[in-house]
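# Descriptive structure summary
Letter by letter, the chains look like this.
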Amino acid sequence: MLVTNLIALHLAALFLIFKFFKMKKAFFFAVITIFMISCNNKGETTAGTADSTTTTTTTASSEELVYPYSLDEPYRDWQPGDKQHALTVMKSLKAFETGDINGAVAAFGDTVNLRFDYLHVKLSNDSLKKFFTEQRGMYSSMSIKMGDWESVISKDKKSEYVTLWYKQIWTDKKGKTDSLAVIDDARIVNGKIVELDEKIQHFPAKK
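For the structure given in this document, a descriptive report is provided here. (Residues numbered from 1 in each chain as written. Predicted model: local features only at pLDDT ≥ 70, side-chain atom pairs only at ≥ 80, totals over all residues. Heavy atoms only, no water.)

### Considering the overall build of the chain
Going by this rule: By definition, any uninterrupted DSSP run of H or I lasting at least four residues is a helix, any uninterrupted run of E lasting at least two residues is a strand, and each is numbered from the N terminus. Buried means the residue's accessible area, taken with a 1.4 Å probe over protein chains only, is under 20% of the maximum for its type, while exposed means over 50%, and partly exposed covers the values in between. The contact definition used throughout considers only heavy atoms, calling two residues in contact when any of these lie within 4.5 Å. Accessible surface is estimated by sampling points in the Shrake-Rupley manner with a 1.4 Å probe; for residues, cover comes only from the protein chains shown.
A tally of helices and strands in the chain yields four helices and seven strands. Here the chain, with 207 residues, has 26% of them falling under the buried criterion. Long-range pairs, those at least 24 residues apart, make up 51% of the contacts in the chain with a sequence separation of at least 6. Summed over all atoms, the accessible surface of the chain reaches about 15700 Å², with 60% contributed by carbon and sulfur.

This is the structure:
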């Protein structure tokens, strides 16, 4: 009887041990399965987000911008240009400021288009020298305060410009001092100024 009971106890213990390991194995496989599903879901979410971002970027970049104004000529997509051209234009302006007319016209080409306030004219270099001499002769002194400058070239490399932003202060022969805000756009061809487009702004009178 005792032997029989011992055998029964051993069998019961073996059954419990077998059941425990079976449950543990099932739990292990369940954990692995959940982990794999989680990874797959995360990958799908990431891929979905990336696809969405790519689609949005492509759509935004492919949309054509509609501007409220049209241009007489296609936009030239201006790029940073040669700084040497800016130096050439500023040296010419400095020469005019100090009364060195020969130095001022040396930066210009054989013919020049001038586009000033109330004046659009095409001059030879010699005629430009005469024009600058008359203009500078109206003032006893002049000074320039440079605000900014930029040298640009069109994307197709066919057009180059230098723009200067500055304040011009002068005293005329009668002793009256005045000033203007000036923007000069100088077109450059082969290192020479062939067009000078000047825009001016008067300052309000001091109270």
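### Considering the nonpolar core
Here is the rule: Remark: nonpolar core denotes a set of buried residues (Ala, Val, Leu, Ile, Met, Phe, Trp, Tyr, Cys) joined through side-chain atoms within 4.5 Å.
Grouped together as the largest cluster of nonpolar side chains are 30 residues, with contacts concentrated most on Val89, Phe108, Leu114, Leu128, Phe132 and Ile193. Residues contacting Leu114, with those up to four places away along its chain left out, are Leu119, His120, Val121, Leu123, Leu128, Phe131 and Leu196.

### A look at the sheet that holds strand 7 (residues 192-202)
The cut-off we apply is this: A pair of strands is considered paired only if DSSP assigns at least 2 bridges between the two. The axes used here are C-alpha line fits, helices contributing only the stretch in contact, and every angle between their N-to-C directions lies in the interval 0 to 180 degrees.
Strand order in this open sheet of seven strands is 1-4-5-6-7-2-3, and the pairing throughout is mixed. Looking at which strands have only one partner, the edges of the open sheet turn out to be strand 1 (79-80) and strand 3 (119-124). The strands that helix 2 (residues 83-98) touches are strand 2 (108-116), strand 4 (139-153), strand 5 (160-172), strand 6 (177-189) and strand 7; relative to strand 4, the one it contacts most, it runs at about 170°.

### Things to note about a nonpolar patch on the surface
Quick note on the threshold: Like-charged residues within 9 Å of one another, or nonpolar side chains (Val, Leu, Ile, Met, Phe, Trp, Tyr) within 5 Å, are grouped into patches, provided each residue has over 30% relative accessible area and no salt bridge. We define a salt bridge as a contact between a side-chain nitrogen of Lys or Arg and a carboxyl oxygen of Asp or Glu at a distance within 4 Å.
Residues Leu71, Tyr75 and Trp78 make up a contiguous nonpolar surface patch of about 350 Å² in total accessible area. Take Leu71: it is sitting in the loop between helix 1 (2-62) and strand 1. Owing to a relative accessible area of 56%, Leu71 belongs among the exposed residues under this scheme.

### Things to note about the pattern of salt bridges
In this structure the tally under the stated criterion is six salt bridges. Here Lys94 makes a salt bridge to Glu97, at a shortest N to O gap of 3.5 Å. Of this pair, Lys94 and Glu97 both sit in helix 2, three residues apart, which is roughly one turn of the helix. Note on Lys94: relative accessible area 48%, which makes it partly exposed.

### Examining helix 2
Condition: To estimate the expected span of a helix, count its residues, drop one, and scale the result by 1.5 Å. Any pair of N or O atoms that falls within 3.5 Å is considered a polar contact. Within protein, one atom must be able to donate a hydrogen and the other to accept it, and sequence-neighbouring residues count only if both atoms are side-chain atoms.
Here helix 2 contains 16 residues, and its C-alpha end-to-end distance of 23 Å stays within 8% of the 22 Å for a straight helix at 1.5 Å per residue. All buried positions along helix 2 are accounted for by His85, Ala86, Thr88, Val89, Ser92, Leu93, Ala95, Phe96 and Glu97. Between the side-chain oxygen of the N-cap and the backbone nitrogen of Gln84 there are 2.9 Å, and the N-cap of helix 2 in question is Asp82. Gly99 sits one or two positions beyond helix 2 and adopts a positive phi of about 90°.

### Regarding helix 4 (residues 125-136)
The following threshold applies: Starting at the helix axis, one direction is taken to each C-beta atom, and the arc is that of these directions.
Its 12 residues give helix 4 an end-to-end C-alpha distance of 16 Å, which sits within 8% of 16 Å, the value for a rise of 1.5 Å per residue. Inspection of helix 4 places Asn125, Leu128, Phe131, Phe132 and Arg136 among the buried residues, and these make up the whole buried set. For helix 4, the buried positions fall inside an angular range of 125° around the axis, keeping them on one side. Turned more than 90 degrees from where helix 4 packs its buried face, Asp126 and Lys130 sit exposed.

### Considering the environment of Asp100
With respect to the secondary-structure elements, Asp100 resides in the loop between helix 2 and helix 3 (101-105). Each C-alpha atom, one on Asp100 and one on Arg136, is 9.4 Å from the other, the two residues being 36 residues apart in sequence.

### What to know about the packing of aromatic side chains
Note the cut-off: Classification of ring pairs rests on two measures: the distance between centres of Phe, Tyr or Trp rings, Trp counted by its six-membered ring, which must be within 6.5 Å, and the angle between planes, read as stacked under 30 degrees, edge-to-face over 60 and tilted in between.
In total, this model carries six aromatic pairs according to the counting rule given. Here the aromatic rings of Trp78 and Tyr161 are separated by 5.9 Å at their centres, their planes lie at 90°, and the arrangement is edge-to-face. With a gap of 83 residues between them, Trp78 in the loop between helix 1 and strand 1 and Tyr161 in strand 5 connect regions that are remote in the sequence. Classification of Trp78 by relative accessible area gives partly exposed; the value is 31%. What makes Tyr161 buried here is its relative accessible area of 19%. On the numbers, 6.1 Å between centres and 45° between planes, the contact of Phe131 with Phe132 is tilted.

### What to know about the environment of Asp178
By the element assignment, Asp178 lies in strand 6. Residue classification places Asp178 among the partly exposed positions, given a relative accessible area of 35%. Distance from Asp178 to Gln168, taken between C-alpha atoms, is 8.5 Å for residues 10 residues apart in sequence. If sequence neighbours within four positions are ignored, Asp178 has contacts with Gln168, Ile169 and Trp170.

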